[in-house]
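So you can see what is in the structure, the chains are spelled out below.
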Amino acid sequence: MAEYYQPEIETASREEMIRIQNEKIVKQVKHVYENVPYYRNLMDEKGVKPEDIKGIDDIKKLPFLTKNDLREAYPYGLLGTDLKDCVRIQSTSGTTGKRVVAFYTQHEIGLWGACCARAKVAVGGSNEDVCQVCYGYGLFTGGAGLHGGSHKVGCLTLPMSSGNTERQIQFMMDLNSTILCCTPSYAAYIGETLAERGYKPEDNKLKAGIFGAEPWTEEMRRSIEKSLGIKAYDIYGLTEISGPGVSFECEAQTGMHINEDHFYAEIINPETGEVLPEGEKGELVFTSLDKEGFPLLRYRTRDICVLSREKCSCGRTLVKMAKPMGRSDDMMIIRGVNVFPSQIETVLLNEGYSPNYQILVDRVNNTDTLDINVELNPDQFSDKVSEIQGREKALEAAMRTMLGIGPKVHLVAPKSIARSEGKAVRIIDNRKLHD
Ligand code: DLL
């Protein structure tokens, strides 16, 4: 297990990390140029040759890859090895268009598992733990990724997949699960169901949760920690770059350490493509430094966040990324104002509401409308119309302060908004139907 905490990498000096990255990028660009005609063409168009890349700083010279490139090259166009060397595919959910398929060699499966194992160790995981994985198994990377990491660390692994909440609870209680892995929205749902069944937070043996795959706020973290009686840690990743474990949170709970010996991160201005200095907010771009089967260079994630090299109390020197605010495609532009669902979630939880909400956007008479359905907690429920209306007005005012535009808030009955077992669908944008 100790081998999955790798101090020589995770606490390496800046010089040492740059040395590792320099060495890997030179080899990787050569490998891609020689084996991936699609990317070779992009490099040729830009007039860049592998010899121009002498170290990690030269990465700026390389062209970007976008989700559109992945769709164009679907299915085999970005493979860096023979198909016979690949042992697995995984795929994105395809919510924003055609599915993207990623390939893995045996080496890449190992590398991915090792990244997830670092994440497990960072939350205190060891072979003493019982790890309940309720991310979906199958094409989605959540189940397979956390499962791989859990095995490597030696946890007793419960491959539950998502859904069937009654069974999740039964196994959690009977088998004394200590680490829970699922989306934050599902964790909230499990917490709610446990309370309904009469369990108190101290009745379970859970100590930590590894939650990711969707944006969630600090307020949501606190609410889950309270309902399950655990420490809730964030984990980030995307199918194109491998899956969960691209970055992971440590005991400091102040952002996720990027496994930068494998994945080099840049923040760019999404409009101009210019690389931004550390600390500035922009689009996250990843280069896989040592994947051979599906070796993406400068892949634009569309996730908006900030990188920081501030000293971390855990001792790791791996660069940290802040919680992504959501994808640039999750950002709603409403009456010209940029609105992220995470801002709405922050207000709701601060005002004492449940994390069960739905955002409805539409266009009426050429004006954008924003409606938010918010579920009342059972103790907030009231028969008095005036009371409900008063609450709605107060929430609308709090939203206006946070968002800069005024939404219409509708408080709805407890349990009336569908719960999510995987990635929560928060936004229904009907404007797209009219466009
Ligand atoms: O969601 C991989 C994953 C599985 C990560 C389990 C963590 C845990 P995709 O389905 O390809 O892969 O979706 C990737 O999800 O670009 C982000 O927009 C979003 N995302 C993933 N993790 C986080 C997170 C998996 N911790 C996309 N916070 C990414 C916010 C996240 N957004």
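Here the residue numbering is sequential within each chain, running from 1 through the sequence in written order. Restriction of local features to residues with pLDDT of at least 70 applies here, the model being predicted, together with a cutoff of 80 or more for giving and counting side-chain atom pairs; totals for whole chains, interfaces and linings are based on all residues. Side-chain measures here rest on the full set of heavy atoms in the structure, leaving out hydrogens and waters.

Engineer: How do you make sense of the pattern of salt bridges when you look at a structure like this?
Structural biologist: Between side chains of opposite charge, pairing is possible as soon as their charged atoms come close. Any carboxyl oxygen of Asp or Glu that lies within 4 Å of a side-chain nitrogen of Lys or Arg is treated as forming a salt bridge with it. By the definition in use, this model includes 31 salt bridges. Note that Glu396 and Lys408 form a salt bridge whose closest N and O atoms lie 3.6 Å from each other. Separated by twelve residues along the polypeptide, Glu396 in helix α11 (residues 385-403) and Lys408 in strand β19 (residues 408-412) bring together distant segments of the chain. Three labels apply to residues, based on accessible area from a 1.4 Å probe with only protein chains included: buried if under 20% of the type maximum, exposed if over 50%, partly exposed otherwise in between. For Lys408, a relative accessible area of 41% corresponds to the partly exposed category. Each of Glu166, Glu192, Glu196, Arg197, Glu375, Lys415 and Arg419 takes part in a single network of salt bridges with overlapping partners. Each helix is a run of H or I in the DSSP string that is no shorter than four residues. Each strand is a run of E no shorter than two, and both are numbered from the N terminus.

Engineer: Looking at this structure, I do not really get the sheet that holds strand β18 (residues 367-375). What am I missing?
Structural biologist: Sheet strands associate in pairs through backbone hydrogen bonding, adopting either a parallel or an antiparallel arrangement. One open sheet holds the four strands; their spatial order is β19-β18-β17-β20, and the pairing between them is mixed. Among the strands making up the open sheet, the edge pair consists of β19 and β20 (427-429). Adjacent strand axes in the sheet meet at a mean angle of 20 degrees, parallel and antiparallel pairs treated alike. A pair of strands is treated as paired once DSSP finds two or more bridges between them. Pairing of strand β17 (residues 357-364) with β18, which is carried by eight bridges, proceeds in the antiparallel orientation. Directly across from Val364, in β18, lies its bridge partner Thr367. Should any heavy atoms of two residues lie within 4.5 Å, those residues are considered in contact. Note on geometry: axes are C-alpha line fits, over the in-contact stretch for helices, and angles between N-to-C directions span 0 to 180 degrees. Taken strand by strand, helix α10 (residues 341-350) contacts β17, β18 and β20, and its axis lies near 130 degrees from that of β17. In the packing of α11 onto the sheet, the strands contacted are β18 and β19, and the crossing angle to β19 comes to about 135 degrees.

Engineer: Would you mind going over the sheet that holds strand β12 (residues 299-305) with me for this structure?
Structural biologist: With antiparallel pairing, the three strands of this open sheet are ordered in space as β10-β11-β12. Edge positions in the sheet fall to β10 (263-268) and β12, since each has one partner strand and no second. Across the sheet, the axes of successive neighbouring strands diverge by a mean angle of 30 degrees, strand direction being ignored. Examined bridge by bridge, strand β11 (residues 282-288) and β12 share four bridges and lie antiparallel to one another. Residue Glu283 lies in a different strand from β12, and its bridge partner there is Ile304.

Engineer: I'm lost on the site of the ligand in this one. Help?
Structural biologist: If you check the shell around the ligand, you find 21 residues, and the closest are Ile235, Thr239, Asp303, Arg327 and Lys423. A distance of 3.3 Å is found between a nitrogen atom of the ligand and a backbone nitrogen or oxygen belonging to Glu214. Asp303 places a side-chain nitrogen or oxygen 2.6 Å from an oxygen atom of the ligand. Of all the secondary structure elements, the ones that give two or more residues to the shell around the ligand are α6 (141-153) and β7 (231-238). Counting residues per element, the shell around the ligand draws most heavily on β7, at five residues. Residues are classed as near a molecule or strand on a simple rule: at least one heavy atom within 4 Å of it. Pairs of N or O atoms are called polar contacts if they sit within 3.5 Å, as long as, within protein, a hydrogen donor faces a hydrogen acceptor (for residues adjacent in sequence, only side-chain-to-side-chain pairs).

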